[in-house]
Amino acid sequence: MFMTWLSFLLYLVYLEICLEVMDDKPNPGTLSENSERLFSFGVIADIQYADLEDGYNFQGNRRRYYRHSLLHLQGAIEDWNKESSTPCCVLQLGDLIDGYNAQYKASEKSLEVVMNAFKMLEVPVHHIWGNHEFYNFSRDYLTNSKLNTKFLEDQIVHHPETMPSENYYAYHFVPFPKFRFILLDAYDLSVLGIDQSSPKYQQCMKILREHNPNVELNSPQGLSEPHFVQFNGGFSQEQLNWLNDVLTFSDTHQEKVVIAIFPFTQTPLTACAWPGTTETPWQSCGLTSAWWVSLLVTLMMVATLRILLVCTMST
């Protein structure tokens, strides 16, 4: 999903998790000079590489620089590798290559080019799948590809409920003691990337049709709920139940949680996950130390988070 309301191809966020040294009257919104950096991690999204000449976005109102995005990725990797305190990992939040690759039968080649660039990175990369992944590949292909980084997950001994199902692409890991990262599958419910004869496709198409009567299912025209378009997706109850179990475990063990998700946002309204099809169980487990990492890095708790934001403008 290319965020047409942003004027950049690449959004790079470098996050430093800090320990706040508390005084008599701490201000949770600030960091003291005595704060100690515990660890750091990189975030990158919407690379959307293609070996194509410059073009325009879907609406035709913003310039796209398909080849140039690879240079930005390489620059980000160089910066991460040069950090005096190496990031523990990088979260790649989806849309690694552009959907146009499928039209030119260049999907596998473009994916190989970008993955070769990532080989220069000296830390693990955790990949999330976006709609452009499904424009290029089926879910079965992605499951068996290098974009499946489930092998990097952590297992919690004696807590089998925290093991994700094979029915969705999600997992969790601990990069630093008392910090748990959770990657979610925002296209768990979707008509993209699955066989049209499958029961899940029929289920998702039914959900979509109930909210979107347009012939063009990517069009939000006339919709009271404009997010119900084909390029979006949603979460199954099965995945949300698993998320609830992991959050409950983290809450019980006083862990801070970072939830990494494909960059759905509330602006524009067409760029967010299908609501109303599932509940939000994390609200029931009392978890207060949860941070959401998406394209805008929406933070539910910022008392111990310092952000350095680097934007590469597409001008």
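Residues numbered from 1 in each chain as written. Predicted model: local features only at pLDDT ≥ 70, side-chain atom pairs only at ≥ 80, totals over all residues. Heavy atoms only, no water.

The name that an unreviewed UniProt entry assigns to the protein is Manganese-dependent ADP-ribose/CDP-alcohol diphosphatase isoform X3, with the source organism given as Galeopterus variegatus.

### Some words on the overall build of the protein
A count of helical and extended segments in the protein gives seven helices and eleven strands. Looking at the protein residue by residue over its 315 residues, the buried ones come to 54%. For the protein, the share of sequence-separated contacts (at least 6 apart) that also reach a separation of at least 24 residues comes to 70%. Summed over all atoms, the accessible surface of the protein reaches about 15000 Å², with 52% contributed by carbon and sulfur. (Helix = DSSP H or I, 4+ residues; strand = E, 2+ residues; numbered from the N terminus. Buried < 20%, exposed > 50% of the residue type's maximum accessible area, 1.4 Å probe, protein only. Contact = heavy atoms within 4.5 Å. Areas by Shrake-Rupley, 256 points an atom, 1.4 Å probe, with all protein chains shown as cover.)

### A short note on the environment of Ser 224
Structurally, the position occupied by Ser 224 is in the loop between helix H6 (199-211) and helix H7 (237-252). For the pair formed by Ser 224 and His 211, sequence separation is 13 residues and the distance between their alpha carbons is 8.4 Å.

### A closer look at the nonpolar core
Of all hydrophobic cores here, the largest spans 57 residues; its most connected members are Leu 73, Leu 91, Phe 118 and Ile 182. Those elements that provide at least two residues to this core are strand E2 (36-45), helix H1 (68-82), strand E5 (90-92), helix H3 (107-118), strand E7 (171-176), strand E8 (179-183), H7 and strand E9 (256-260). Apart from residues no more than four positions distant in its own chain, Ile 182 is found in contact with Tyr 171, His 172, Trp 242, Leu 243, Val 246, Leu 247, Val 257, Val 258, Ile 259 and Ala 260. Ranked by size, the runner-up nonpolar core spans nine residues in total, among them Leu 189, Leu 208, Leu 217 and Phe 228. (Core = buried A, V, L, I, M, F, W, Y, C linked by side-chain atoms within 4.5 Å.)

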